[in-house]
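Given next are the chains, with one letter for each unit.
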Amino acid sequence: MTHYAEVIGDPIAQSKSPVIHGFWLEKLGIDADYRAHRVAASELADYLAARRNDLDWRGCNVTMPHKQAVMLLTNQLDPIAERIGAANTVSREDDGSLSGTNTDAEGFLEPLRADLAETHLFRMARILGTGGAARAIIAALAGEGFTLVVAGRNPDKARAMLDELAPNGEHHAVHLDHFAAPTNFAFDDRKNCYDLVINASPLGMRGQPPLAFDWSHAPPGSVAYDIVTDPQETDFLRGAAVAGHRTIDGLSMLIGQAARAFELFFGAPPPREHDAELRERLIK
């Protein structure tokens, strides 16, 4: 039999994970498979019970709506999954036990590592959204010394997330509409400061309402980061580029979070030297 891993969720047809992992398996010549498997919420426990007894099953990536429920069905969780309150990867150990982790935070930070290696007098991130992805991003950036402004339709939820995930520091919660209208705020000298503006919501995704963000709210030299992967170039990123900001698209986080999972499943680091070719496959 051939070793295999899967991505599970409901729905699941939109997942790009099979393309990513299949590409890496092909490049490395590993005789294994990676599949998409729809699992309804009511089926999750039975799915994991069956898979943990399958010696060829190496684990699964977990997408909505299972990232929190799956935590209760694993035998051990790593600290980052516990802190974020969600697991997006489950791996099968040799004894059949299940380990849960979260690679979203690591994947989000990957394209920022060169910037974060520099010394800054001040770091601020404006995070738009209060869903599951925002939890991982808040936890990741709090650990990198950022002051955070989290914007959501429910500021109380944003405040609660900050209190839970980033209890230290002077962070702020605002309504999402705060960033929709232009501002004439005069930013101070941003030399040696590092500013991020992150769309951590599904707004702007194909089939979703647009994200209303006016780029007068972003200090000069900000980096715009959109976790949406379809379309690759969102209106949010186009607006940032017109305003003169550097941009990072959602494929960066998607590929980065998949890389750690691939190593857990198949015991080898993915061939990242082929990222440009992988991107071409993902946007076809």
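See the structure printed just above.
Residues numbered from 1 in each chain as written. Predicted model: local features only at pLDDT ≥ 70, side-chain atom pairs only at ≥ 80, totals over all residues. Heavy atoms only, no water.

Undergrad: Requested: an account of the pattern of salt bridges, with residues and values cited.
TA: Two side chains that carry opposite charge are able to pair once their charged atoms sit near each other. Scanning the model with the defined rule gives 17 salt bridges in all. Across the salt bridge formed by Asp104 and Lys67, the nearest N and O atoms sit 3.0 Å from each other. Pair noted here: Asp104 is in helix H4 (residues 104-109) and Lys67 is in the loop between strand E3 (57-62) and strand E4 (76-77), with a separation of 37 residues, a long-range link. Accessibility expressed as a relative area gives 19% for Lys67, which makes it buried. Residue Glu233 is joined to Arg238 by a salt bridge in which the shortest nitrogen-to-oxygen separation is 3.7 Å. Under the relative-accessibility criterion, Arg238 is labelled partly exposed at 35%. (Salt bridge = Lys/Arg side-chain N within 4 Å of Asp/Glu carboxyl O. Helix = DSSP H or I, 4+ residues; strand = E, 2+ residues; numbered from the N terminus. Buried < 20%, exposed > 50% of the residue type's maximum accessible area, 1.4 Å probe, protein only.)

Undergrad: How would you sum up the pairing of strand E6 (residues 98-101)? Please name residues and give values.
TA: Residues Leu98 and Gly100 of E6 are buried on one face, and the alternating residues Ser99 and Thr101, pointing to the opposite face, are buried as well. As defined by bridge partners, E4 adjoins E6 across two bridges and the pair is classed as parallel. Residue pairing for E6: Leu77 is matched across the bridge by Gly100. As paired elements, strand E5 (residues 89-92) and E6 share four bridges and run antiparallel to each other. Within E6, the residue paired with Val90 across the bridge is Gly100. Where E5 folds back onto E6 in an antiparallel hairpin, the turn is made up of five residues, including Gly96, whose phi is positive at roughly 90°. (Pairing = 2+ DSSP bridges.)

Undergrad: Lay out the nonpolar core in plain terms, naming residues and giving numbers.
TA: With 33 residues, the main nonpolar core has Ile127, Leu141 and Ile198 as its most contacted residues. Taken together, the elements giving at least two residues each to this core come down to H4, strand E7 (122-128), helix H6 (132-142), strand E8 (147-152), helix H7 (155-165), strand E10 (193-199) and strand E11 (223-226). With sequence-adjacent residues up to four places away left out, Ile198 is seen in contact with Phe108, Ala125, Arg126, Ile127, Leu128, Ile137, Leu141, Tyr225 and Phe236. With 20 residues, the next largest nonpolar core counts Ile20, Ala32, Tyr34 and Phe265 among its residues. (Core = buried A, V, L, I, M, F, W, Y, C linked by side-chain atoms within 4.5 Å. Contact = heavy atoms within 4.5 Å.)

Undergrad: Mind laying out unusual backbone geometry, listing which residues take part and the relevant values?
TA: Look at the link from Asp10 to Pro11: it is a cis peptide, with omega at 10°. By the element assignment, Pro11 lies in the loop between strand E1 (3-9) and helix H1 (17-28). Pro231 follows Asp230 through a cis peptide bond whose omega is 10°. The phi dihedral of Asn192 falls on the positive side, at around 65°, and the residue is not glycine. Relative to the assigned elements, Asn192 resides in the loop between strand E9 (172-175) and E10.

Undergrad: Quick one: what's the story with the sheet that holds E10, residue by residue and with numbers?
TA: Read from one edge to the other, the open sheet built from six strands follows the order E9-E8-E7-E10-E11-E12, with strand pairing classed as parallel. At either margin of the open sheet sits one strand with a lone partner, and together these are E9 and strand E12 (246-248). Each neighbouring strand pair of the sheet contributes to a mean axis angle of 20°, computed without reference to strand direction. Bridge count between E7 and E8: five bridges; the pairing is parallel. Note on E8: the bridge partner recorded for Met124 is Thr147. (Axes fitted to C-alpha atoms, helices over the stretch in contact; angles between N-to-C directions.)

Undergrad: Let's hear about the sheet that holds E6: which residues, and what values?
TA: As summarised here, the arrangement of the six strands in space is E2-E1-E3-E5-E6-E4, forming an open sheet in which the pairing is mixed. Unpaired on one side and paired on the other, strand E2 (32-38) and E4 mark the two borders of the sheet. Packed onto the sheet, H1 meets E1, E2 and E3 and runs at close to 175° relative to E2. Strands E1, E2, E3, E5 and E6 of the sheet are contacted by helix H9 (residues 250-266), whose axis makes an angle of about 160° with E3.

Undergrad: Would you mind going over helix H10 (residues 275-282) in detail, with residue names and values included?
TA: Given 3.6 residues per helical turn, the α-helix brings residues three or four places apart onto the same face. Within the span of H10, buried status applies to Asp275, Leu278 and Leu282. Looking straight down H10, one finds its buried side chains confined to an arc of 55°; they lie on one side. Facing away from the buried surface of H10 by more than 90 degrees, the exposed residues are Ala276 and Glu280. Those residues of H10 that are buried are in contact with H1 and H9. (Arc of directions from axis to C-beta.)

Undergrad: Talk me through the environment of Asp195; I want residue IDs and the actual numbers.
TA: Residue position: Asp195 is located in strand E10. On the accessibility criterion, Asp195 (2% relative accessible area) is buried. Considered as a pair, Asp195 and Leu176 are 19 residues apart in the sequence and their alpha carbons are 18 Å apart. Not counting chain neighbours up to four residues away, the residues in contact with Asp195 comprise Met124, Arg126, Arg190, Pro219, Ser222 and Val223.

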